[in-house]
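Chain by chain, the residues run as shown.
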Amino acid sequence: MEFRDYLVVLRSRWISITLCTLLVGVLAYAWTSTQPRVYSSSGEVLVTIPVSGDAIAADNYTRTRVASYVAIAESDQVAQYASEQEGVTGTPGSLLARVNVSNPSDTALLRFSAKGPTPESAKRLVEVWIDGTTEAINVIEAQARNTSQELVTVTSLTAPRLPVFPTSPQVKQTVAVGLFLGFILGVALAFVRASLDRRVRTRDDVERKFGVPVVGQLPWDGALAKSGPADSAPGYLLTEAVRQLRTNLQFMNVDNPPRVLVVTSPVPGDGKSTVSLMLAEAIAESGRPVVLVDADLRRPTLAKVLGLDADVGLTSVLANQATLDEVVQKAGSSGRLSVLAAGIIPPNPSELVGSDAMRNLLYSFPEDVMVLVDTPPLVPVTDAAVLAARTDGALVVARSGKTTVDMLDEALRILERVQGRALGVILDGATAGGPRVKQYGGYQPIAPVTGSRAGSSREEQPDEPEGEPEAATLEQDEEADATPEAHASEDEGDRHAETPAEVADGDQREAREAEEREADALLGRIFRS
């Protein structure tokens, strides 16, 4: 994988990464909430032993002895003393586990620290432990020197204080570590899922793995998926994507462009019938006549979607029960889209679509007519493969996020085995995103806006009569076309009607001229002053 692929995985699965991060962070916070609070307090004392003689020798002797006092402070004798004192609860063994005594190197200091469930218990344990250590040291030193006097002086340097915040658990640090671990876990799961995900999602997935070009990438349209192409108009992005697909087909082979195309898919549910219908409408809108043939003789849908007669169609012509002119039906508003429905479902669909009569029918249309053949899926049945081998090629529709690599690979292998030509893959239901969509996604046609100069003459004109306005308009257009001389003699301003683009350019020029006049006036005032 390249660095770009890693970024794609992170961007496509950022929601799961975020949820995993927050989940582990919440679990870490919940864990800290269940842990008992532990408070810590500490104190520091200076140990002094009176020794006669040189001060340096006395100081060295004291430091040597203090190092051994650490063992006395952590002894059972001191722990027993502390357990007997008021305000201290616990056995000697448990108290030893809560106390820590240390001697900073090369000093005569003893540092005590203790932990407790409450701030008061932690502070009290340090005070009691210092007192017990002092008493134990004096007892041992007195026995060693055979005297009853206190030979060791312990001076408090830092008195134990009442802690304010608990030292354990550390909520902020624990939650931070939990968020970090959750993020790492989320990223790891994202890459594991990406490596195990066999679904086709992007153009690169198809072109890199199969070497087949993606001739169209149609974005997901929720309204169209819910209501169908007959009851819902496709959105702007989907419409432009279909037009781009139409353009790609027109320039696929300029010298010998494909004329009879099979539209199929690996498995049902990829949207091949909807894509074939929208593509046929787009080709018809461009001015080229197109015939949409419903060759799915197992589950035909086009006649039902378009509201056409489903009782006659392709099977009627192949069975010599009707002629082609009798069963071809017009559809769409362009007048150039013709639909050949499937007709009655036959018992032998594969034999019918693979017959010579089927091929002769498909190529019987005029040379300027584009023929699109909607067929069953490639993997379940052989109808599409048979037709693809007997036509100019096949367009394979794959559903982004649903069609797997294995399904698409099997479909392309089926075409290869029958020597059918895969013209390209149409990626249906793709995510509409990227810089191009962000910059031009709102670049939609708007209604012409007329300026004051273009609309002044219209405001002066009386309202048109309500009866047959379209006929009156057509008559005016025919009269204008028939008398160009009279049209040329009209007023110069009316003869050059400004388009919305020209009006916008004129407004921009006027704005620039106004700014220049203001700038000249400002410079004049400055020079005069």
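Residues numbered from 1 in each chain as written. Predicted model: local features only at pLDDT ≥ 70, side-chain atom pairs only at ≥ 80, totals over all residues. Heavy atoms only, no water.

Where helix α2 (residues 14-34) meets helix α7 (residues 171-196), the axes come as close as 7 Å, and the angle between the chain directions of the two elements is 150 degrees. Compared by their axis directions, α2 and α7 come out roughly antiparallel. Taken as a pair, α2 and α7 cross one another with a handedness that is right-handed. Across the contact of α2 with α7, the residue classes tally to 15 nonpolar, 8 polar and 1 charged. (Axes fitted to C-alpha atoms, helices over the stretch in contact; angles between N-to-C directions. Helix = DSSP H or I, 4+ residues; strand = E, 2+ residues; numbered from the N terminus. Parallel < 35°, antiparallel > 145°, perpendicular 65-115°, else oblique. Left-handed = near helix turned anticlockwise from the far one by under 90°. Nonpolar A, V, L, I, M, F, W, Y, C, P; charged D, E, K, R; others polar.)

Where nonpolar side chains cluster on the molecular surface, the patch consists of V177, F180, L181, F183 and I184 and spans about 490 Å² of accessible area. In this structure, V177 sits in helix α7. On the basis of relative accessibility, which here comes to 47%, the residue V177 falls in the partly exposed class. (Patch = residues over 30% accessible without salt bridge, like charges linked within 9 Å, V, L, I, M, F, W, Y side chains within 5 Å. Areas by Shrake-Rupley, 256 points an atom, 1.4 Å probe, with all protein chains shown as cover. Salt bridge = Lys/Arg side-chain N within 4 Å of Asp/Glu carboxyl O. Buried < 20%, exposed > 50% of the residue type's maximum accessible area, 1.4 Å probe, protein only.)

Let's shift gears to the sheet that holds strand β4 (residues 153-158). If you walk across this open sheet you meet the 4 strands as β2-β3-β1-β4, and the pairing is antiparallel. Here the strands that pair on one side only, and so sit at the sheet edges, are β2 (99-102) and β4. Taken over all neighbouring pairs, the strand axes of this sheet differ in orientation by 25 degrees on average, direction set aside. Looking at chain direction, strand β1 (residues 39-48) and strand β3 (residues 109-116) are connected through 8 bridges and run antiparallel. Residue pairing across strands places E44 opposite R111, the latter belonging to β3. With respect to the sheet, helix α6 (residues 119-145) is in contact with β1, β2, β3 and β4, its orientation differing from that of β3 by roughly 145 degrees. (Pairing = 2+ DSSP bridges. Contact = heavy atoms within 4.5 Å.)

Counting buried residues in strand β7 (residues 290-294) gives 5 out of 5 residues, a clear majority hidden from the surface. Here β7 shows a buried face lined by V290, L292 and D294 and a second buried face lined by V291 and V293. Taken together, the 4 bridges between β7 and strand β9 (residues 337-340) define a ladder with parallel strand orientation. Along β9, the bridge assignment pairs V290 with L337. Pairing geometry for β7 and strand β10 (residues 370-374), over 5 bridges, is parallel. Looking across to β10, one finds that L292 is bridged to L372.

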